[in-house]
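# Fold and geometry: a report
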Amino acid sequence: MIRRVVVVGGGVMGSSAAWHLAARGDEVVLLEQFAPGHDRGSSHGSSRIFRLAYADPFYLGLAVRALPLWQRLEEETGIGVLALTGAVDHGPARTVSALEEALRAAGRPAEALSPAEAGERWPGLRVDTAALFHPEAGRLHADRAVTAFQTAARKHGARIRHGVKVARVTARGSGAEVVTAEEEVLTADAVVVAAGGWTPRFAAPGDRELPAMRVTAEQPAHFAAADALGWPSFIHHGGAGLPEGPGVYGLGSADGVKAGFHGVGPVVDPDRDRVINAEMLRDLLEYAERWLPGVDRTNPVPKTCLYTTTPDHDFVIDRSGPCTVLAGFSGHGFKFASVIGELAADLVAGRPGAERFARTRFGEGRAAR
Ligand SMILES: Cc1cc2nc3c(=O)[nH]c(=O)nc-3n(C[C@H](O)[C@H](O)[C@H](O)COP(=O)(O)OP(=O)(O)OC[C@H]3O[C@@H](n4cnc5c(N)ncnc54)[C@H](O)[C@@H]3O)c2cc1C
């Protein structure tokens, strides 16, 4: 059965969904409100961390599924997206050893290192606690990934339309009606809403099923470094050596070494003005002074980007009637995008989704985990 599917949102998630749906033979139209390559949402720029290392086997398994799909995307399009430069985790011993155990249990390579060994191998990073290296990790090129998904989707017949803002989505009979801001009406058998920080706007007033999502403006910065492209990705976990908290992530990229605090930004309207936050930049500079001896701290270039965070940091990948929602990626979704499109296509085809990603998990009668 060929379905007509409208995808709302051309960030990495909607674009991946368009690829998987079109590859299965569905008739797909993707509507994105902004121009190609825009930097107003969550999927822009030159770098995102790819890693398998999650202490939680559920996410580790999802990353294992995502890896060959990234490679398939590269083969289908000829666009280079993923560079496996490896990942370094450092911080409290219990955090680092939980990652090591999870990787070993899944049969994936991992190497525990002393601070001295880590310092010798990556002189640009200061490590004073337990460290772990795992090679099946590295850097995704964010802009190229979005372009590749859209290129691949087009090859399978999808229509990708930029500059088209969706005003509302309404269930109609067994399908749905999508109305644009210009009052164009598209009818569909199914709709996939992948609108990033704008997703809460698609919830009906009083929709208690969709988890509350915090939309925040995060602000990493790029620092010049001679060998930036050779850097592994890194996570400095909160605790030993760093105040308790969500920690710092970073990685090398074509724009230098990127570093950022995870999920500390202010709550914003997604249509924000994107002014640089001087205090956040100063905190990052202080971090780099102490922990990143290999970067040039004189002229960092900050960038803003939206996180859309659920109360439990788990995603929402679920269907309700004709409408599938992909949202709440809580600052760690990019690495999984290649498989999230597949999960979306499964939901559209009527297969059940993961309980963990259910939109109703905070609803009445269900305890928040
Ligand atoms: C600073 C930062 C660093 C990150 N680092 C990592 C990392 O290292 N590793 C990792 O795995 N993840 C990382 N993430 C998370 C990851 O980037 C996001 O989870 C992912 O990009 C979310 O993609 P999305 O498609 O859901 O949202 P978006 O990219 O925001 O896409 C949503 C799209 O929907 C469009 N849209 C919204 N409303 C409408 C409408 N009404 N009509 C038409 N179009 C509409 C928007 O314009 C937008 O293009 C990071 C995020 C940030 C902000």
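Residues numbered from 1 in each chain as written. Predicted model: local features only at pLDDT ≥ 70, side-chain atom pairs only at ≥ 80, totals over all residues. Heavy atoms only, no water.

## So, the sheet that holds strand β22 (residues 323-327)
Taken in spatial order, the six strands line up as β9-β2-β1-β13-β22-β21 in an open sheet, and their pairing is mixed. Looking at which strands have only one partner, the edges of the open sheet turn out to be β9 (159-162) and β21 (316-320). Ignoring which end each strand starts from, the neighbouring axes of this sheet average 15 degrees apart. Sheet contacts for helix α1 (residues 12-23): β1 (4-8), β2 (27-32), β13 (190-193) and β22; angle to β2, the most-contacted strand, approximately 170 degrees. Docked against the sheet, helix α7 (residues 337-348) engages β1, β13, β21 and β22, running at close to 15 degrees with respect to β21. (Pairing = 2+ DSSP bridges. Helix = DSSP H or I, 4+ residues; strand = E, 2+ residues; numbered from the N terminus. Axes fitted to C-alpha atoms, helices over the stretch in contact; angles between N-to-C directions. Contact = heavy atoms within 4.5 Å.)

## Thoughts on the site of the ligand
By nearness alone, 35 residues border the ligand, and E32, H38, S43, I49 and C305 come closest of all. A distance of 2.9 Å separates an oxygen atom of the ligand from a polar side-chain atom of R48. For the ligand, whose free accessible area comes to 1,000 Å², the fraction covered by protein is 97%. Ranked by residue count, the leading element in the shell around the ligand is strand β20 (residues 305-309), at three residues. When its residues are assigned to classes, the shell around the ligand shows 19 nonpolar, 12 polar and four charged. Counting contributing residues, the shell around the ligand receives three or more from each of domain 1 (4-44 + 143-206 + 312-357) and domain 2 (87-135 + 215-309). (Near = heavy atom within 4 Å. Polar contact = N/O pair within 3.5 Å; in protein donor to acceptor, adjacent residues only side chain to side chain. Areas by Shrake-Rupley, 256 points an atom, 1.4 Å probe, with all protein chains shown as cover. Nonpolar A, V, L, I, M, F, W, Y, C, P; charged D, E, K, R; others polar. Domains from an automatic or database assignment.)

## Thoughts on the packing of aromatic side chains
The full count for this structure, using the stated rule, is 18 aromatic pairs. Arranged with centres 6.2 Å apart and planes meeting at 0 degrees, the rings of W70 and F334 form a pair that is stacked. Of this pair, W70 sits in helix α2 (residues 57-77) while F334 sits in the loop between β22 and α7; the two residues are 264 residues apart in sequence, bridging distant segments of the chain. Among the residues examined, W70 registers a relative accessible area of 0% and is labelled buried. For F334, a relative accessible area of 6% translates into the label buried. Clustering of aromatic rings is evident, with ring pairs tying together Y54, F58, Y59, F315, F329, F336 and F357. In this structure, R40 is placed above the aromatic ring of F34, and the distance from its NZ or CZ to the ring centre is 5.2 Å. Sitting above the plane of the W291 ring, R126 keeps its charged end 4.4 Å from the centroid. (Phe/Tyr/Trp six-rings, centres within 6.5 Å; stacked < 30°, edge-to-face > 60°. Buried < 20%, exposed > 50% of the residue type's maximum accessible area, 1.4 Å probe, protein only. Lys NZ or Arg CZ within 6 Å of the ring centre and 35° of its normal.)

## As for the environment of G163
The residue G163 is located in the loop between β9 and β10 (166-172) in this model. When the C-alpha atoms of G163 and L31 are compared, they prove to be 7.8 Å apart, with 132 residues separating the residues in sequence. Leaving out residues up to four positions away in the same chain, G163 has contacts with E32, Q33 and F34.

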